[in-house]
Amino acid sequence: ITVLGAGVWGSVIAQHIAKIGYKVTVWEYSKELLAKIKDSDGRHPHIPDFKFHDNITLTGSEEDAVKDSDMLVFVISSKAIRAFCAKIKPILNGRVIPVISASKGLEDKTFKTMCEIIEEELPQLKDYVFAFSDPSFAWEVARNIPTKIILSGHNGVLMSELKEKLSAPPVILE
């Protein structure tokens, strides 16, 4: 599973997925943040007492992050989603995998959601893109405080499978 974005929320999501037992790759755009994490033996500079799980690999390469991934989790700036999708389109090469968007917001000019943009830029993923919405806070999840997070999308069967695979205390997907 690839988590796109090593900010606070992306790192916490990646940590949760790794603790369940999945191999996780975290891609980060900022070379500076990536270097800080790697230079501090996997400690995140913006999350107190946080160290990346051993199941997590960090990279700044879109190719390395996406080429063998079975699922993508977008946690990058909403302003970067469209351009990022264009970058990874040739890497995916028509491959269909589930995508979860935890990126918030709407596109400025079109008012499209992040899921709509992903499906527009990567049309083979129509009905394989899900929105990850939360009444939770990254800091609480990082401290293992129980929370429920909403997963929504058009493919009910796949959505149920994802909820089952990614739910584990303290995070339960509804």
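Below or above, wherever it landed, is the structure these notes cover.

Cut-offs used in this document
- Numbers given for residues are sequential positions, taken from 1 along each chain in its written order.
- Side-chain atom pairs in this predicted model are given and counted only at pLDDT of 80 or more, local residue features only at pLDDT of at least 70, and totals for whole chains, interfaces and linings cover all residues.
- The basis for every side-chain value is the complete set of heavy atoms in the structure, and neither hydrogens nor water enter the calculation.
- Three exposure classes are used, based on accessible area relative to the maximum for each residue type with a 1.4 Å probe and protein chains only: buried under 20%, partly exposed in between, and exposed over 50%.
- Strands here mean DSSP runs of E at least two residues long; helices mean DSSP runs of H or I at least four residues long; both are numbered from the N terminus.
- Think of it as the arc spanned by the lines of direction from the helix axis to the C-beta atoms.
- Residue contacts are defined here by distance: any two heavy atoms, one from each residue, within 4.5 Å place the two residues in contact.
- Think of it this way: a Phe, Tyr or Trp ring, Trp meaning its six-membered ring, pairs with another when their centres are within 6.5 Å, and the plane angle makes it stacked under 30 degrees, edge-to-face over 60, tilted otherwise.
- Detection works on a 1 Å grid of protein atoms alone, calling trapped sets that fit a 1.4 Å probe cavities and calling open sets with protein on both sides within 12 Å along at least five of seven lines pockets, with lining residues defined by an atom within 4 Å of a point.
- Grid points are joined across faces, edges and corners, and a volume is the space filled by probe spheres set on the points.
- For this classification, the nonpolar set comprises Ala, Val, Leu, Ile, Met, Phe, Trp, Tyr, Cys and Pro, the charged set comprises Asp, Glu, Lys and Arg, and every other residue, Gly included, is treated as polar.
- When charges are counted, Lys and Arg are positive and Asp and Glu negative, with His and the chain ends excluded.
- Counted as salt bridges are all cases of a side-chain nitrogen of Lys or Arg within 4 Å of a carboxyl oxygen of Asp or Glu.

## Looking at helix 2 (residues 31-39)
Here's step 1: Where helix 2 is concerned, the buried positions are Leu33, Leu34 and Ile37. Taken around the axis of helix 2, the buried residues stretch over an arc of 100 degrees, which confines them to a single face. What points out from helix 2, more than 90 degrees from its buried face, is the exposed set Lys31, Glu32 and Asp39.
Here's step 2: Looking at the buried side of helix 2, the elements it contacts are strand 3 (56-59).

## Examining the packing of aromatic side chains
Here's step 1: The tally for this structure, following the rule as stated, stands at 4 aromatic pairs.
Here's step 2: Here the aromatic cluster, defined as three or more aromatic residues joined through ring pairs, consists of Trp27, Phe74 and Phe84.

## Some points on empty space enclosed by the protein
Here's step 1: In total, this model carries 1 cavity of 30 Å³ or more according to the counting rule given.
Here's step 2: Here the largest cavity defines a volume of roughly 110 Å³.
Here's step 3: Along the walls of the largest cavity sit 13 residues, with Ile13, His16, Ile17, Phe132 and Val171 positioned nearest its centre.
Here's step 4: Elements with a contribution of two residues or more to the lining of the largest cavity: helix 1 (8-20) and strand 8 (171-173).
Here's step 5: In terms of residue count, helix 1 provides more of the lining of the largest cavity than any other element does, 5 residues in total.
Here's step 6: Its residues assigned to classes, the lining of the largest cavity shows 12 nonpolar, 1 polar and no charged.

## Here we look at the side chain of Glu119
Here's step 1: Relative to the elements of secondary structure, Glu119 occurs in helix 5 (residues 114-121).
Here's step 2: Buried and unpaired, Glu119 has Lys126 as its nearest opposite-charge partner, separated by 4.1 Å.
Here's step 3: Not counting residues up to four positions away in its chain, the partners in contact with Glu119 are Leu125, Lys126, Asp127, Tyr128 and Val129.

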